[in-house]
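Chain and residue survey
Read off the chains here:
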Amino acid sequence: VARRVAPHLKPDGALMDLTSVKQGPMAAMMAAFPGEVVGTHPLFGPKEPNIIGRVMALCPGRGDRWFNWLKNLLIQADAKVKVTSAEEHDCLMSFVQGVTHFMLIALGMAIRRVGVNPDKLDEYATPTFQNLHRLTRHLLSQDASLYACIQLQNQANLRTLAAFEQSVAQILDLIQKKDADGLVKLLEENQKYYGV
């Protein structure tokens, strides 16, 4: 798309994307257009009524004019603007989206594999499970190709999901061994890391 659009832009214009992954699109835009380049990622869906209080990630590519114009426009609209590099963005999104979507997809799969009626689960849900199940249903009601793309296109997901897989294996091992002390120690290490 960047290659197709770039020849139609004015030299003093800007090429901007609206994507959930930044490194690949930013590289494509920088290669396709010699003018100003800005990467954007609205961290909210299209059904939000407005942008007030919503996070908008901006990645500087090339040039300041249009980047600053967009940043100021978003700030005036009361959005929370986060300026970041494409690399940092993708690393953070590997948790915010990559692991989160992965967990919700896996939860839906586990429920399906065990054969539990999702509606029956709602009848017995704790507040925590209500939130997780609502998020799982929400994800499953969306465009599957978008979620597949977010999983596959963010290269940082590979490292993050490997760490998640190791964490799940470690917890499962402690549970299988009925190692209460080990599980408590693990939880306390996480509490310390989070400062709670």
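What this report covers is the structure whose coordinates are included nearby. (Residues numbered from 1 in each chain as written. Predicted model: local features only at pLDDT ≥ 70, side-chain atom pairs only at ≥ 80, totals over all residues. Heavy atoms only, no water.)

**Thoughts on the packing of aromatic side chains**
Going through the model one piece at a time under the given rule, you end up with three aromatic pairs. A ring pair is formed by Phe 102 and Phe 164, whose centres lie 6.0 Å apart and whose planes are at 80 degrees; its orientation type is edge-to-face. Remark: Phe 164 occurs in helix 8 (residues 156–176) and Phe 102 occurs in helix 4 (residues 86–114); sequence separation between them is 62 residues. Here Phe 102 falls in the partly exposed class, since its relative accessible area comes to 36%. (Phe/Tyr/Trp six-rings, centres within 6.5 Å; stacked < 30°, edge-to-face > 60°. Helix = DSSP H or I, 4+ residues; strand = E, 2+ residues; numbered from the N terminus. Buried < 20%, exposed > 50% of the residue type's maximum accessible area, 1.4 Å probe, protein only.)

**Description of the pattern of salt bridges**
Tallying each qualifying case throughout the model produces six salt bridges. The closest approach of N and O atoms between Arg 54 and Glu 48, which form a salt bridge, is 2.7 Å. Accessibility expressed as a relative area gives 33% for Arg 54, which makes it partly exposed. A salt bridge links Asp 119 to Arg 137; the shortest N-O distance between them is 3.1 Å. With Asp 119 in helix 5 (residues 118–123) and Arg 137 in helix 6 (residues 127–140), this pair connects stretches of sequence that are 18 residues apart. (Salt bridge = Lys/Arg side-chain N within 4 Å of Asp/Glu carboxyl O.)

**Some points on unusual backbone geometry**
Positive phi, close to 65 degrees, is recorded for Asp 78, a residue that is not glycine. Counting through the fold element by element, Asp 78 comes out in the loop between helix 3 (65–76) and strand 4 (80–83). You will see that Lys 178, though not glycine, has its phi angle at about 55 degrees, which is positive. For Lys 178, the position within the fold is in the loop between helix 8 and helix 9 (180–194). The exposure class of Lys 178 is exposed, given its relative accessible area of 73%.

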